[in-house]
Amino acid sequence: MEEQKEFMREAIRISRENVATGNGGPFGAVVVKNSKIIASGGNEVTSSNDPTAHAEVVAIRRACEELGTFQLEDCEIYCTCEPCPMCLGAIYWARPSKIYFANTKKDAADINFDDDFIYQEIEIPNSERSLPTIQLLRDEAIEVFQEWTNSTTKIEY
């Protein structure tokens, strides 16, 4: 467990550096493979004007680039906070073997990073969401799904 603590300390260092530099929110993440950090990331939302540039997403993108793959099999991700819904989805899509986190989503909410409303929105029907969510042109779009299903050149994931 000492090794895991050192990886988490690196993620915490990145989050602290983010606070000091004003680069983004107080979040950091590292991706580890074979007991070695292969990529890291801090929150870059405000510095990059990218609402998806959360620390976990930044670290996943860098790790995939480093490994030359779109999946992080046999990797672990260390996050300074329990992942938000977007990051949790990205982590699941990346398929690491384990997630470690430090602060809880309640801790984040206590400093005004509250993503509970997103969890709530996911659970309600599209027509009742606070952000209007309207289905359009399914009959045309479903054709592309069929093309994907029949494709002999696709790379499944």
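Small disclaimer: the values here were computed from a predicted structure and weren't measured.

A. Examining the overall build of the protein more closely. Along the protein, the regular secondary structure elements total seven helices and four strands. The N-to-C order of helical and strand elements in the protein reads α-β-β-α-α-β-α-β-α-α-α. Based on the C-alpha atoms only, the size of the protein along its principal axes is roughly 50 × 40 × 30 Å. Buried residues in the protein amount to 32% of all 157 residues. Residue pairs at least 24 apart in sequence account for 47% of intrachain contacts in the protein once pairs closer than 6 positions are excluded. If you sum the accessible surface of the protein, you get close to 10500 Å²; carbon and sulfur atoms cover 53% of it. The distance from the centre of the 15 positive side-chain charges to the centre of the 27 negative ones in the protein is 5 Å.

B. Structural context of unusual backbone geometry. The residue D74 is not glycine, and still its phi comes out positive at about 65 degrees. Turning to its location among the elements, D74 is positioned in the loop between α3 (55-67) and β3 (75-81). Under the relative-accessibility criterion, D74 is labelled exposed at 59%. Backbone geometry places N112, a non-glycine residue, at a positive phi of 75 degrees. Tracing the backbone shows N112 in the loop between α5 (105-110) and α6 (116-123). N112 sits in the exposed class, given a relative accessible area of 72%.

C. Representation of the side chain of E56 in the model. On the secondary structure map, E56 appears in helix α3. For the buried E56, which has no salt bridge, the nearest side chain bearing the opposite charge is R61, at an N-O separation of 11 Å. Once residues within four sequence positions are removed from consideration, E56 is found in contact with A29, I77, C79, C81, P83, C87 and I91.

D. Spatial organisation of the pattern of salt bridges. In this structure the tally under the stated criterion is eight salt bridges. Its salt-bridge partner being E6, residue R9 comes within 2.8 Å of it at the nearest N-O pair. Residue R9 and its partner E6 are located together in helix α1 (residues 2-21), separated by three residues, close to a single helical turn. Residue classification places E6 among the partly exposed residues on the basis of a relative accessible area of 46%. Here E17 and R13 are joined by a salt bridge, their closest N and O atoms 3.0 Å apart. Remark: R13 and E17 occur in helix α1; sequence separation between them is four residues, near one turn of the helix.

E. Quick look at the pairing of β3. With seven of seven residues buried, β3 lies mostly within the body of the structure. The pairing of strand β1 (residues 28-33) with β3 spans five bridges and is classified as antiparallel. Residue pairing in the sheet places V31 in a bridge with I77 of β3. In this sheet, strand β4 (residues 98-103) lies alongside β3 in parallel orientation, the contact comprising five bridges.

F. A look at the sheet that holds strand β2 (residues 36-42). Strand order in this open sheet of four strands is β2-β1-β3-β4, and the pairing throughout is mixed. On the outer flanks of this sheet lie β2 and β4, each paired with one strand and no other. On average, each strand axis in the sheet is inclined to that of its neighbour by 15 degrees, with strand direction left out of account. Where β1 lies against β2, six bridges are found, and the strand directions are antiparallel. From the neighbouring strand, G28 faces β2, where its bridge partner is G42. Each of β1, β2 and β3 is contacted by α3, which is oriented at about 140 degrees to β2, the strand it contacts most.

The rules behind the values
- Per-chain numbering applies: the sequence of each chain, read as written, is numbered from 1 onward.
- In view of the model being predicted, local features appear only for residues whose pLDDT reaches at least 70, and side-chain atom pairs are presented and counted only at 80 or more, with totals across whole chains, interfaces and linings using the full set of residues.
- Side-chain metrics rest on all non-hydrogen atoms present in the structure, leaving aside hydrogens and water.
- Every helix listed is a DSSP run of H or I at least four residues long, and every strand listed is a run of E at least two residues long, numbered separately from the N terminus.
- The buried label applies to any residue whose accessible area, calculated with a 1.4 Å probe on protein chains only, is under 20% of its type's maximum; exposed applies above 50%, and partly exposed to all values in between.
- Here, two residues are considered to be in contact whenever any of their heavy atoms come within 4.5 Å of each other.
- Here, Shrake-Rupley sampling with a 1.4 Å probe gives the accessible areas, and only protein chains in the shown set may cover a residue.
- When charges are tallied, Lys and Arg are placed among the positive residues and Asp and Glu among the negative ones, while His and the ends of the chain are skipped.
- Think of each charge as sitting on NZ of Lys, CZ of Arg, CG of Asp or CD of Glu.
- Salt-bridge detection follows one rule: a side-chain nitrogen of Lys or Arg within 4 Å of a carboxyl oxygen of Asp or Glu.
- The rule for pairing is simple: two strands pair if DSSP sees at least two bridges between them.
- To get an axis, fit a line to the C-alpha atoms, keeping to the stretch in contact for a helix; angles then go from 0 to 180 degrees between the N-to-C directions.

Geometric values such as these leave the question of function open.
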